[in-house]
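Here's the letter readout for the chains.
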Amino acid sequence: ATPTSIMVGTGKAAKMGVLFRKGEALQSLRDAKVIALDKTGTLTRGRPELTDLVVANDVDEADTLRLVASVERQSEHPIAEAIVNAAKARGLEPATIQDFEAIPGFGVAARVDGHRVDVGADRYMRKLGLDVEVFAKTAHRLADEGKSPLYAAIDGRLAAIIAVADPIKESTPAAIRALHAEGLQVAMITGDNRRTAEAIARRLGIDKVVAEVLPDGKVDAVKSLQAEGGLVAFVGDGINDAPALAQADVGIAIGTGTDIAIESAEVVLMSGDLRNVPNAIALSRATIRNIK
Ligand code: ADP
Ligand code: MG
């Protein structure tokens, strides 16, 4: 491609809200075979809400939510906000906490009112030596509905299963249809529960799911997609996504996401509208075709 045609192409892209930080990305985007997308904040809005709270026998629901929300007040994870908001909506006053700890990819822990409280994924409960089997049926039902199940343990005893749901962005289904129409394979990479990720992928017609990825595992997920399927573009918004954005053949960051994601990407979508991904690919194909 000539420098002039690249300039014209990136200029057109900018008008539709797609910023090419590097002109060469216009060429690599044309040759992409797989579009991999982060789930939370990319395919979904990134603003989950608490939908379900099921407590174990002899456990008080309001007490549990109050203890859990007190811990989550210290966390910056979108899940935390969902839980804190639910407690607020029920008029529950948070307690002061001690010894807060966040275990990335697993969950959070603290001491609240003299109790040890742990909140997180099933793998976190297993790490603590707790058996989540009593909630297996509930967890499967929730995950099949596309909700993310979490667990709370109080003083080392499994107390509740909590579900949060993050609505799919309005633009997502059309974006995926358009990517398929351009002949691309679409993959999802997420730290979330496998069953939940698969339910969402099914709903969206996503071809491939890589789930339960630890925060530093997204790079490996991109590498294995590259080994299988050729040039990979990765779309993400979070701190966790930065290394994967750098690893991908084309890193595409959401402009409303974290600064580190934007800095690691070659392409930035000014809005969260995912239809701009297939639009940018169509543009890259048109631009490169014109100058041949
Ligand atoms: P993702 O953002 O894709 O869910 P993370 O690596 O941030 O990936 O988290 C992985 C999983 O760890 C979450 O899906 C959740 O089950 C659990 N987790 C992480 N942080 C928290 C938190 N503050 N409260 C409860 N669970 C959490
Ligand atoms: Mg995200």
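Structural notes, computed from the coordinates. (Residues numbered from 1 in each chain as written. Chains lettered and ligands numbered in written order. Predicted model: local features only at pLDDT ≥ 70, side-chain atom pairs only at ≥ 80, totals over all residues. Heavy atoms only, no water.)

**Topic: the coordination of the magnesium ion (ligand 2)**
Under perfect tetrahedral coordination by four donors, a metal shows angles of 109.5 degrees; under perfect octahedral coordination by six donors, it shows angles of 90 or 180 degrees. Summarising the metal site, the magnesium ion (ligand 2) is bound by the protein donors Asp38 (OD), Thr40 (O) and Asp237 (OD), whose distances to it range over 1.9 to 2.3 Å. The motif formed by the donor residues of the magnesium ion (ligand 2), counted along the single chain, is D-x1-T-x196-D. With Thr40 in helix α3 (residues 39–43) and Asp237 in the loop between β11 (232–236) and α11 (242–247), the pair connects residues that are 197 residues apart, well separated along the chain. Since its relative accessible area comes to 16%, Asp237 is described here as buried. (Donors = N, O, S within 2.8 Å, 3.2 Å for Na, K, Ca; no water. Helix = DSSP H or I, 4+ residues; strand = E, 2+ residues; numbered from the N terminus. Buried < 20%, exposed > 50% of the residue type's maximum accessible area, 1.4 Å probe, protein only.)

**Overview of the packing of helix α7 (residues 136–144) against helix α9 (residues 194–204)**
Across the interface, α7 lies against α9 with an axial gap of 7 Å and an inter-helix angle of 30°. Taken together, α7 and α9 sit at an angle that is classed as roughly parallel. Like other packed secondary-structure pairs, α7 and α9 cross with a definite hand, here right-handed. Residue-level inspection shows His140, Ala143 and Asp144 of α7 in contact with α9, the latter providing Arg195, Thr196 and Ala199. Among the residues making up the contact of α7 with α9, the classes are represented as two nonpolar, two polar and two charged. (Axes fitted to C-alpha atoms, helices over the stretch in contact; angles between N-to-C directions. Parallel < 35°, antiparallel > 145°, perpendicular 65-115°, else oblique. Left-handed = near helix turned anticlockwise from the far one by under 90°. Contact = heavy atoms within 4.5 Å. Nonpolar A, V, L, I, M, F, W, Y, C, P; charged D, E, K, R; others polar.)

**Some points on the sheet that holds strand β1 (residues 18–20)**
Spatially, the seven strands line up as an open sheet ordered β1-β13-β12-β11-β2-β9-β10, and their pairing is mixed. Unpaired on one side and paired on the other, β1 and β10 (208–210) mark the two borders of the sheet. Taking each pair of neighbouring strands and ignoring which way they run, the sheet shows an average axis angle of 20°. (Pairing = 2+ DSSP bridges.)

**Let's talk about the pattern of salt bridges**
For the coordinates displayed, the defined rule picks out 16 salt bridges. The salt bridge partner of Asp38 is Lys218, with a shortest N-O separation of 3.0 Å. Here Asp38, found in strand β2 (residues 34–38), pairs with Lys218, found in helix α10 (residues 218–229); they are 180 residues apart in sequence, far enough to count as distant. Each member of the pair Asp38 and Lys218 is classed as buried. (Salt bridge = Lys/Arg side-chain N within 4 Å of Asp/Glu carboxyl O.)

**Points about the environment of Ala160**
Mapped onto the fold, Ala160 is located in strand β8 (residues 157–165). Taking the C-alpha atoms as reference points, Ala160 and Leu53, separated by 107 residues in sequence, lie 6.8 Å from one another. Discounting chain neighbours no more than four positions away, the residues touching Ala160 are Leu53, Val54, Val55, Thr64, Phe135, Leu150, Tyr151 and Ala152.

**Notes on helix α8 (residues 172–181)**
Taken residue by residue, α8 has Thr172, Ala175, Ile176 and Leu179 as its buried positions. Buried residues of α8, viewed axially, fall in a sector of 95°; they line one side. α8 presents Arg177 and Ala181 as exposed residues on the side facing more than 90 degrees away from its buried surface. Two residues or fewer after α8 comes Gly183, characterised by a positive phi angle close to 85°. (Arc of directions from axis to C-beta.)

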